[in-house]
Amino acid sequence: MRRAQRLLLVAALLLYGGAVWAQGFEVLAWPADKRVPEHLGTDLQDHVRSLQEFRGKAVLLNFWASWCEPCVTEMPSLQALAQRRGSDPLVVLAVNFKEAAPTVERFVQRNAITMAVLLDSKGEAAHAWGANIFPTTVLIGADGRVKNVVRGALDWSGPQADGLLGPLLRR
């Protein structure tokens, strides 16, 4: 991301900062020397998923848990984003951190979640992706490079999200 784009993003985040959810969030850069992991998790049908499957599409990778109140608060806006952007080159993946499959499946059913949900039963994917605060969302460009990491809850239907997603979707 060019310096001018970063400054515009920071200005937009500051301008709309009053509308941020009470939990708050911060946007971080991916360390230049850190490799991008391939492993994403296992889907609810027990298929291992990797980043390579989504090459050519932007990926929003959200690490969450059902015991995490900010994660639960953020989930409806992620679901709405996944539905709204269904025809865009954007894939929304919700990776559950260390919960048993039946617990996650009950949460998905109870909350009518239709976006892709992955399991990270041992926390290996979260560790590899640097998710140690929940929720953490990793924004990956269609080129497979990480553009930003968002730590904390964000309303994915709001202007802050648009500012973060716009650069991912431009070609």
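Let me begin by describing the structure that accompanies this report. (Residues numbered from 1 in each chain as written. Predicted model: local features only at pLDDT ≥ 70, side-chain atom pairs only at ≥ 80, totals over all residues. Heavy atoms only, no water.)

The next thing to look at is the environment of N132. If you trace the backbone, N132 turns up in the loop between α4 (124-129) and β7 (136-140). The exposed category is assigned to N132, whose relative accessible area is 58%. Sequence separation of N132 and F97 is 35 residues, and the distance between their C-alpha atoms is 9.9 Å. (Helix = DSSP H or I, 4+ residues; strand = E, 2+ residues; numbered from the N terminus. Buried < 20%, exposed > 50% of the residue type's maximum accessible area, 1.4 Å probe, protein only.)

Attention now goes to the packing of aromatic side chains. Inspection of every chain in the model, using the stated rule, returns 4 aromatic pairs. Judged by centre distance (6.1 Å) and plane angle (75°), the rings of W67 and F134 are edge-to-face. Of this pair, W67 sits in the loop between β4 (58-64) and α2 (69-84) while F134 sits in the loop between α4 and β7, and the two are 67 residues apart along the sequence. Here a set of aromatic residues connected by ring pairs shows up, and it is made of W67, F97 and F134. (Phe/Tyr/Trp six-rings, centres within 6.5 Å; stacked < 30°, edge-to-face > 60°.)

Before going further, it helps to examine the nonpolar core. Soluble globular proteins tend to pack their nonpolar side chains together in the buried interior. L60, L61, F63, W129 and W156 are the most contacted members of the largest nonpolar core, which totals 50 residues. A per-element tally of this core places strand β5 (residues 90-97) first, with 7 residues. (Core = buried A, V, L, I, M, F, W, Y, C linked by side-chain atoms within 4.5 Å.)

To continue, consider the state of the cysteines. For the structure shown, the criterion picks out 1 disulfide. C68 shares a disulfide with C71; S-S distance 2.4 Å. Between C68 and C71 the sulfur-sulfur dihedral comes to about 75°; the bridge is accordingly right-handed. For C71, a relative accessible area of 1% corresponds to the buried category. (Disulfide = S-S within 2.5 Å.)

A separate point is the pairing of strand β8 (residues 146-152). Among the 7 residues of β8, 5 are classified as buried, and the element is accordingly described as predominantly covered. Sheet topology note: the strand β1 (residues 25-28)/β8 ladder contains 4 bridges and is antiparallel. Pairing of E26 across the sheet is with R151, part of β8. When β7 meets β8, the two strands line up antiparallel, connected through 5 bridges. The partner of T137 across the bridge, within β8, is V150. Where β7 folds back onto β8 in an antiparallel hairpin, the turn is made up of 5 residues, including G144, whose phi is positive at roughly 85°. (Pairing = 2+ DSSP bridges.)

All right, on to the environment of A80 then. With respect to the helices and strands, A80 occurs in helix α2. Expressed as a C-alpha distance, the spacing of A80 and T114, which sit 34 residues apart in the sequence, is 9.7 Å.

As summarised here, the arrangement of the 8 strands in space is β1-β8-β7-β4-β5-β6-β2-β3, forming an open sheet in which the pairing is mixed. At either end of the open sheet lies a strand with only one pairing partner, and these are β1 and β3 (48-50). Shown here is a sheet whose adjacent strand axes are inclined to one another by a mean of 30°, direction ignored. Bridging between strand β2 (residues 39-43) and strand β6 (residues 116-120) involves 2 bridges; their strand directions are antiparallel. Paired with T42 across the bridge in β6 is L119. The sheet contacts of helix α3 (residues 101-110) involve β4, β5 and β6, and relative to β6 the element is tilted by about 160°. Strands β1, β4, β5, β7 and β8 of the sheet are contacted by helix α5 (residues 159-169), whose axis makes an angle of about 30° with β7. (Axes fitted to C-alpha atoms, helices over the stretch in contact; angles between N-to-C directions. Contact = heavy atoms within 4.5 Å.)

Nothing here speaks to function; it is geometry throughout.
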